Amino acid sequence: MKSNLPEKIVAFDLDGTVTLDETLPLLAQELGLSEEMSLLTKLTLEGKIAFDRSFKLRYHILKSISVQRIQDIMDKVRLDPVIYQFIIDHPSSCAIVTGNLDIWIRPIMEKLKCRCYSSTSEMDSQGVPLLTSILDKGEAIRDLRRKAPKVVAVGESFNDIPMFEEANVSIAYGGVHKPVNAAIAISDYVVMEGKALCRLLKML
Amino acid sequence: MSPVENVVIAAAGMGTRLGAGKPKCLVDVCGRKLIEYQLDLLRDVKNIYMVVGFCELDVIDFVGKLRRDVLFVRNPDFQHTKTLESYYLAAKIIDGNAVFMDGDMIISPSDFSRFLEKATASDFLVGVSERISDDPVYADVRKHEERLIVDGFSYEKQSPYEWANVVYMPAKLMQGGKENAFEYLQTILPKPAAVLDRLEIDTRKDLEYAERELAMKTIR
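None of the values given here were measured: they were computed from a predicted structure.

Draft legend 1. Structural view of the overall build of chain A. Helix and strand content of chain A: eleven helices and seven strands. A compact globule built from 204 residues would reach a C-alpha radius of gyration of about 17 Å, and chain A, at 16 Å, matches this within 12%. The principal-axis extents of the C-alpha atoms in chain A amount to approximately 45 × 40 × 30 Å. Put simply, 58% of the contacts in chain A that link residues at least 6 apart link residues at least 24 apart. Surface exposure of chain A reaches about 9200 Å², of which carbon and sulfur atoms provide 52%.

Below, the structure written as structure tokens:
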């Protein structure tokens with residue numbers, strides 16, 4: 001039977017790459033903790049706090065917000081229009097690789113319709129999601145490399161470095177915030193806006 | 001819109017001979033950085049690829065503020081490679097033709113426009129300059145009917161023309177390697193050539209000369 005493997009898969013980080021805002025600080029507005037969450041998020045993206053510890057903490061802060069409310073907020077999160085269109089046009093060649101939580105980002109994934117690797121949860125008897133695993137981005141790329149001969153990683157923060165290490169090609173993306181220096185230092189290309197990114201992706 | 005869609009700027013080098021302590025594209029000439037002159041020149045070009053290496057973070061930072069759609073190609077081995085390798089890193093992802101140029105010069109805007117017009121008529125065009133710089137690579141140029149043809153390059157064989165570090169060619173013909181760009185191009189000459197008035201900033205003498213010429217407005 002003829003194999004229909006895509007010739008390449010583009011793995012996008014979600015927050016601050018596909019989304020125009022970091023989503024966790026947006027969610028934290030519900031608790032009046034947006035600034036605190038922004039600070040935690042910023043320190044994590046810069047690599048000053050390990051991602052898994054920071055996400056565990058941020059998850060515990062945000063889990064008191066109902067899943068329904070979280071999903072309503074996530075449904076309104078702005079996506080980069082050019083990157084969004086690229087994903088819609090190439091669903092089997094795109095994947096989202098995010099440390100964010102599966103049940104929270106479901107409304108975004110329903111729009112993007114592509115493969116997704118994320119942190120995982122299980123609902124408890126009271127409808128509160130229990131964190132069951134935090135995504136290892138390196139492992140996600142290794143899995144994608146079994147599905148296509150070329151994997152291109154797009155990201156910008158410290159926790160995208162394991163993605164860059166495993167991908168065939170890496171792109172440091174500065175469309176939302178400046179890519180961290182450590183990510184630039186191991187990337188192949190650097191682009192600063194969605195249109196230029198998608199132009200590059202079509203060339204690779 | 002420019003007749004040429006793709007321009008590759010090699011800006012990865014350390015500029016040791018200039019000794020400015022920063023990448024040449026960020027050197028100030030008459031109050032503006034070299035890259036500002038170049039980006040101005042290329043304002044109608046659709047796709048700009050900048051190959052970066054030495055002080056890449058500073059270059060990306062500065063250029064990213066001037067033109068958001070520049071695609072930066074990293075040359076992490078910049079210390080051990082010459083411009084040719086930088087050109088190749090960009091060329092390998094480009095379909096079609098491109099202008100390949102160094103990031104350390106000021107070119108007459110009108111000459112550059114004319115160069116681009118001629119380029120698209122020809123599919124291959126080598127830039128030569130009549131303004132001889134401090135450490136020139138001479139170009140052996142002859143007239144053929146209405147056009148100029150370049151037959152070779154040389155450090156020794158003096159000529160009224162030098163290699164201008166600008167070439168328009170199919171990206172797939174660009175190869176990587178440890179040699180200078182002109183040494184590789186030499187292997188595929190003869191090719192059509194066109195004159196460009198340009199100020200190349202390789203040495204301190206070049207820089208002083210450039211500032212004088214700009215002040216006197218001899219380059220237009």
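Draft legend 2. Structural context of the interface of chain A and chain B. On the chain B side, the residues contacting the 19 residues of chain A number 17 residues. Interface area for chain A against chain B, summed over the two sides, is near 1600 Å², with a carbon-plus-sulfur share of 57%. The three residues of chain A that bury the most area against chain B are A:M192, A:R199 and A:M203, which together make up 37% of that side's buried surface. Across the contact surface, chain A and chain B share one salt bridge. A salt bridge links B:D61 to A:K178; its shortest N-O distance comes to 3.6 Å.

Draft legend 3. Examining the nonpolar core more closely. Judged by nonpolar contacts, the single largest core of 81 residues is most densely connected at A:F12, A:W104, A:L112, A:I171, B:F100, B:V126 and B:F153. Among the nonpolar cores identified, the runner-up in size contains 55 residues, and A:I9, B:V45, B:A119 and B:A194 belong to it.

Draft legend 4. Representation of the packing of aromatic side chains in the model. The final tally for this structure, using the stated rule, is nine aromatic pairs over all chains. Among the aromatic residues, ring-to-ring pairing joins A:F51, A:F55, A:Y59 and A:W104 into one connected group. Directly above the aromatic system of B:F62 lies the positively charged group of B:K33, at a separation of 5.7 Å from the ring centroid.

Draft legend 5. Molecular detail of the pattern of salt bridges. Within the structure shown, the criterion is met by 32 salt bridges over all chains. With its nearest N and O atoms 3.2 Å apart, the salt bridge here joins B:D40 to B:R32. The class of B:D40 is partly exposed, set by a relative accessible area of 33%. B:D40 is paired through a salt bridge with B:R43; the nearest N and O atoms lie 3.5 Å apart. Judged by its relative accessible area of 56%, B:R43 falls in the exposed class. Residues participating in the shared-partner salt-bridge network are A:E139, A:R142, A:D143, A:R146, A:K147 and A:E166.

Draft legend 6. Structural view of the environment of A:K137. Its place among the elements puts A:K137 in helix α8 (residues 137-145). Between the alpha carbons of A:K137 and A:E35 there is a distance of 26 Å; along the sequence they are 102 residues apart.

Draft legend 7. The arrangement of the pairing of strand β12 (residues 191-195) of chain B in detail. The pairing of strand β8 (residues 125-129) of chain B with β12(B) spans three bridges and is parallel. Residue pairing across strands places B:G127 opposite B:A194, the latter belonging to β12(B).

Draft legend 8. The confidence of the model for chain B, seen in detail. Taken over all residues, the pLDDT of chain B has a mean of 93, while the share at 70 or more is 100%. Across the whole predicted complex the pTM is 0.95, and at the interface the ipTM reaches 0.94.

Draft legend 9. Representation of the packing of helix α5 (residues 67-75) of chain A against helix α7 (residues 102-112) of chain A in the model. Residues and elements named next belong to chain A. Running from N to C, α5 and α7 cross one another at 35 degrees; their axes reach a closest spacing of 8 Å. Classified by chirality, the crossing of α7 by α5 is right-handed. Of the residues in α7, those touching α5 at V67, I70, Q71, M74 and D75 are I103, W104, I105, R106, P107, I108 and K111. Per-class residue counts for the contact of α5 with α7 are eight nonpolar, one polar and three charged.

Draft legend 10. A look at the environment of B:E208. Relative to the helices and strands, B:E208 resides in helix α6 (residues 204-216). A sequence separation of 16 residues divides B:E208 from B:P192, and the C-alpha atoms of the two residues are 32 Å apart.

Draft legend 11. Geometry of the state of the cysteines. Residues and elements named next belong to chain A. The full count for this structure, using the stated rule, is zero disulfides over all chains. There is no disulfide at C94, and the cysteine sulfur nearest it, in C114, is 5.9 Å away. Judged by its relative accessible area of 0%, C94 falls in the buried class.

Criteria and cut-off values
- Residues numbered from 1 in each chain as written.
- Chains lettered and ligands numbered in written order.
- Predicted model: local features only at pLDDT ≥ 70, side-chain atom pairs only at ≥ 80, totals over all residues.
- Heavy atoms only, no water.
- Helix = DSSP H or I, 4+ residues; strand = E, 2+ residues; numbered from the N terminus.
- Rg over C-alpha atoms; globule rule 2.2 N^0.38 Å.
- Contact = heavy atoms within 4.5 Å.
- Areas by Shrake-Rupley, 256 points an atom, 1.4 Å probe, with all protein chains shown as cover.
- Buried area = accessible area lost by both parts, 1.4 Å probe.
- Salt bridge = Lys/Arg side-chain N within 4 Å of Asp/Glu carboxyl O.
- Core = buried A, V, L, I, M, F, W, Y, C linked by side-chain atoms within 4.5 Å.
- Buried < 20%, exposed > 50% of the residue type's maximum accessible area, 1.4 Å probe, protein only.
- Phe/Tyr/Trp six-rings, centres within 6.5 Å; stacked < 30°, edge-to-face > 60°.
- Lys NZ or Arg CZ within 6 Å of the ring centre and 35° of its normal.
- Pairing = 2+ DSSP bridges.
- pLDDT = per-residue confidence, 0-100.
- Axes fitted to C-alpha atoms, helices over the stretch in contact; angles between N-to-C directions.
- Left-handed = near helix turned anticlockwise from the far one by under 90°.
- Nonpolar A, V, L, I, M, F, W, Y, C, P; charged D, E, K, R; others polar.
- Disulfide = S-S within 2.5 Å.

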